Amino acid sequence: MFELSEEQLMVRDMCRGFAEKELREQAVEIDKTHEFPLETTRKLGELGIMGVVYPEEYNGAGMDYVSYAIAVEEISRVCASSGVIVSAHNSLCLSPIYYFGTEEQKKKYLPKLCTGEHIGAFAITEPGAGSDSAGTKTVAAKEGGNYIINGTKNFITNGGYADTHVTLAITDKNGQKNKNTSFFIIEKGDPGFTVGKVEEKLGICASSTTEMVYVDCKIPEDRMLGAPGDGFKIAMHTLDGGRVGIAAQALGIAQACLEEGAKYANMREQFGAPIGKLQAIQWMLADMATEIEASRLLVYKAADILSKNGKNRRPASKYAAMAKLYASECAHRCAHKCIQIHGGYGYVKEYIAERLYRDARITEIYEGTSEIQKLVIATNILAEFAE
Ligand code: CAA
């Protein structure tokens, strides 16, 4: 997979053009104001970017996962906050509804999500269940034809703006860990559901990260996604796709670091010449560019495996984790070097290097830390070589 198709090139050009025109100036502003970019997110919906891989019958753009990765990469290259909004919406909310929803659920929720008229979110993290997703404490108790949900989720991307989100809750309190939870679709306005604390973050400041609080939240039983007990597996399936989105976000940030570093190296003079003439700077740029190309191959490969395997994501699991691990650590190293090239100017807000550094950091944490990605990769390798 070394050449992009015409469709993939078209998505790249379209998203690059949109990001330059609509997001570049805004990204600086909303990093300061922490304002969620609702208007440009809706415009991305009009371009098909809020439902990239979903079929046209649900208003999706019907494209492949490489196109999706390219879209997230190009948007994140200019505005990493918008990148995660798009990624969490597409990968984490639409995906479980599309792959595990009934036809009625898909018809009800996907069309407005795919056009960006509605924003989506995915709630599995809890104060006591971060890396250990199966440590969920939120419960959903059956009462007649309804479920009553009680619990609190935290660090939920798009939380404050989500019209629809999916949430994980225990439905069998005596059941085995990993088999005792189920997923539910929650709508804004459901009785007993409120958005809780809004987090102030180091980076991706314009994305919304909140608690989701359920106090006797009553929803009809037909809001369950999949079968009772399927919750953990749906979460893992969803994250196998989501990690490709975050890897693409990291790739976009890394690319921005390279471009900013190279432009500055050509422009900034010290010792009577542009600093780009200095071998110390050249080596940094060479390392950045090489690692970015390697990340891109990993991200596109993982995306391609997702496209080729439909609902069966197990073949993509290891590659999605590799892409996320490598691209996020690459973004971190590139952001570090970008600041180093800028020297003192990299540490102040006159240049975007410091924002890229702050934005890059989260990619090593959310949708599974680097340590969790290594666990997923190693578990897959051991299974491949088991007798
Ligand atoms: N797909 C389907 N099923 C899977 C799976 C996958 N990728 N991975 C594991 N499973 C199944 C296993 O086959 C096993 O099933 P059986 O019991 O039937 O054999 C079951 O799930 C349990 O598997 P494990 O024993 O491997 O599970 P574990 O409890 O050890 O946990 C883990 C594995 C990898 C650590 C997992 O908990 C994990 O991924 N943790 C990280 C959570 C995470 O990424 N959180 C991010 C939150 S979302 C977010 O960050 C969004 C945002 O803001 C943008």
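For the structure itself, consult the block above.
Residues numbered from 1 in each chain as written. Predicted model: local features only at pLDDT ≥ 70, side-chain atom pairs only at ≥ 80, totals over all residues. Heavy atoms only, no water.

**A closer look at the overall build of the protein**
Here is step 1: Secondary structure summary: the protein contains 10 helices and 10 strands in total.
Here is step 2: Against the 2.2 N^0.38 benchmark of 21 Å for 387 residues, the protein shows a C-alpha radius of gyration of 21 Å, consistent with a compact globule.
Here is step 3: Overall, the protein is about 80 × 55 × 40 Å in size when its C-alpha atoms are taken along their principal axes.
Here is step 4: When the 387 residues of the protein are sorted by exposure, 56% land in the buried category.
Here is step 5: By sequence separation, contacts in the protein at least 24 residues apart represent 76% of the contacts at least 6 residues apart. (Helix = DSSP H or I, 4+ residues; strand = E, 2+ residues; numbered from the N terminus. Rg over C-alpha atoms; globule rule 2.2 N^0.38 Å. Buried < 20%, exposed > 50% of the residue type's maximum accessible area, 1.4 Å probe, protein only. Contact = heavy atoms within 4.5 Å.)

**Regarding the nonpolar core**
Across soluble globular proteins, you tend to see nonpolar side chains buried next to one another.
Here is step 1: Judged by nonpolar contacts, the single largest core of 93 residues is most densely connected at Ile49, Ile97, Phe183, Cys257, Met288, Val299 and Ile341.
Here is step 2: If you tally residues by element for this core, the top one is helix α6 (residues 231-267), at 16 residues.
Here is step 3: Core analysis: the next-biggest nonpolar cluster, separate from the first, contains 16 residues, Ile149, Ala169, Cys217 and Met224 among them. (Core = buried A, V, L, I, M, F, W, Y, C linked by side-chain atoms within 4.5 Å.)

**Overview of empty space enclosed by the protein**
With a probe scaled to a water molecule rolled over the atoms, the places where space remains empty come into view.
Here is step 1: If you walk through the whole model with that rule in mind, you get 1 cavity of 30 Å³ or more.
Here is step 2: Residue lining of the largest cavity: Ala27, Ile30, Asp31, Cys79, Ala80, Ser81, Cys205, Ala206, Arg355 and Asp359, and that is the complete set.
Here is step 3: Broken down by secondary-structure element, the contributors of at least two residues to the lining of the largest cavity are α1 (6-33), α4 (80-100) and α9 (353-361).
Here is step 4: Here the lining of the largest cavity gets 3 residues from one element, more than from any other, and that element is α1.
Here is step 5: Class assignment of the residues belonging to the lining of the largest cavity gives a composition of 6 nonpolar, 1 polar and 3 charged. (1 Å grid on protein atoms, 1.4 Å probe; cavity = no way out; pocket = protein on both sides within 12 Å on 5 of 7 lines; lining within 4 Å. Points joined across faces, edges and corners; volume = space filled by probe spheres on them. Nonpolar A, V, L, I, M, F, W, Y, C, P; charged D, E, K, R; others polar.)

**Details of the site of the ligand**
Here is step 1: Looking at the ligand, there are 26 residues lining it, with Ser131, Thr157, Lys179, Asp240 and Glu367 nearest.
Here is step 2: Between the ligand and Arg243, the relevant distance is 2.9 Å, taken from an oxygen atom to a side-chain nitrogen or oxygen of the residue.
Here is step 3: Between the ligand and the protein, one listed contact pairs a nitrogen atom with a side-chain N or O atom of Arg314 at 3.2 Å.
Here is step 4: Protein contacts shield 74% of the accessible area of the ligand, which totals 1,100 Å² for the unbound molecule.
Here is step 5: Mapped onto the shell around the ligand, the elements with two or more residues apiece are β3 (146-157), α6, α8 (314-342) and α10 (370-384).
Here is step 6: Grouping the amino acids of the shell around the ligand by side-chain chemistry returns 11 nonpolar, 9 polar and 6 charged. (Near = heavy atom within 4 Å. Polar contact = N/O pair within 3.5 Å; in protein donor to acceptor, adjacent residues only side chain to side chain. Areas by Shrake-Rupley, 256 points an atom, 1.4 Å probe, with all protein chains shown as cover.)

**With respect to helix α5 (residues 103-114)**
Here is step 1: The end-to-end C-alpha distance of α5 is 16 Å, a good match for the 16 Å that 12 residues give at a rise of 1.5 Å each.
Here is step 2: Among all positions in α5, only Gln105, Lys106, Tyr109, Leu110, Pro111, Leu113 and Cys114 are buried.
Here is step 3: Next to the buried residues of α5 lie α2 (38-46), α4, β1 (120-123), β4 (164-170), β5 (181-187) and β8 (224-225).
Here is step 4: Just downstream of α5, Gly116 is the residue with a positive phi angle, here 80°. (Expected span 1.5 Å × (residues − 1).)

**Points about the state of the cysteines**
Here is step 1: Counted under the stated rule, the structure contains 0 disulfides.
Here is step 2: Cys205 takes part in no disulfide bond, and the closest cysteine sulfur, belonging to Cys79, lies 11 Å away.
Here is step 3: Note on Cys205: relative accessible area 8%, which makes it buried.
Here is step 4: The structure places no disulfide on Cys257, whose sulfur is separated from the nearest cysteine sulfur, that of Cys338, by 4.8 Å. (Disulfide = S-S within 2.5 Å.)

**A short note on the pattern of salt bridges**
Here is step 1: Within the structure shown, the criterion is met by 27 salt bridges.
Here is step 2: For Glu20, the salt bridge goes to Arg77, with nearest N and O atoms at 3.1 Å. Of the two residues, Glu20 sits in helix α1 while Arg77 sits in helix α3 (residues 65-78), which places them 57 residues apart along the sequence.
Here is step 3: A salt bridge links Glu293 to Arg296; the nearest nitrogen and oxygen atoms lie 3.0 Å apart. On the criterion of helical spacing, the pair formed by Glu293 and Arg296 is a turn pair, its members being 3 residues apart in helix α7 (residues 279-309).
Here is step 4: Connected via shared salt-bridge partners are Glu20, Arg24, Arg77 and Glu259. (Salt bridge = Lys/Arg side-chain N within 4 Å of Asp/Glu carboxyl O.)

**Regarding the packing of aromatic side chains**
Two numbers describe a pair of aromatic rings. These are the distance of the centres and the angle of the planes.
Here is step 1: One pass over the structure, following the stated rule, counts 10 aromatic pairs.
Here is step 2: Between Phe122 and Phe183, the aromatic rings sit 5.8 Å apart at their centres with planes inclined by 25°, giving stacked as the arrangement. Pair noted here: Phe122 is in strand β1 and Phe183 is in strand β5, with a separation of 61 residues, a long-range link.
Here is step 3: By relative accessible area, which is 0% here, Phe183 ends up buried. (Phe/Tyr/Trp six-rings, centres within 6.5 Å; stacked < 30°, edge-to-face > 60°.)

**Brief notes about the side chain of Lys153**
Here is step 1: Tracing the chain through its elements places Lys153 in strand β3.
Here is step 2: Overall, the relative accessible area of 0% leaves Lys153 in the buried class.
Here is step 3: Within the structure, the side chain of Lys153 is placed 2.7 Å from the side chain of Glu126, a separation counted as a polar contact.
Here is step 4: One polar contact links the side chain of Lys153 to the main-chain carbonyl oxygen of Leu168, over a distance of 2.6 Å.
Here is step 5: Once you skip the residues sitting within four places of it in the chain, Lys153 turns out to touch Ala123, Ile124, Thr125, Glu126, Thr136, Thr138, Thr167, Leu168, Thr210, Glu211, Met212 and Tyr214.

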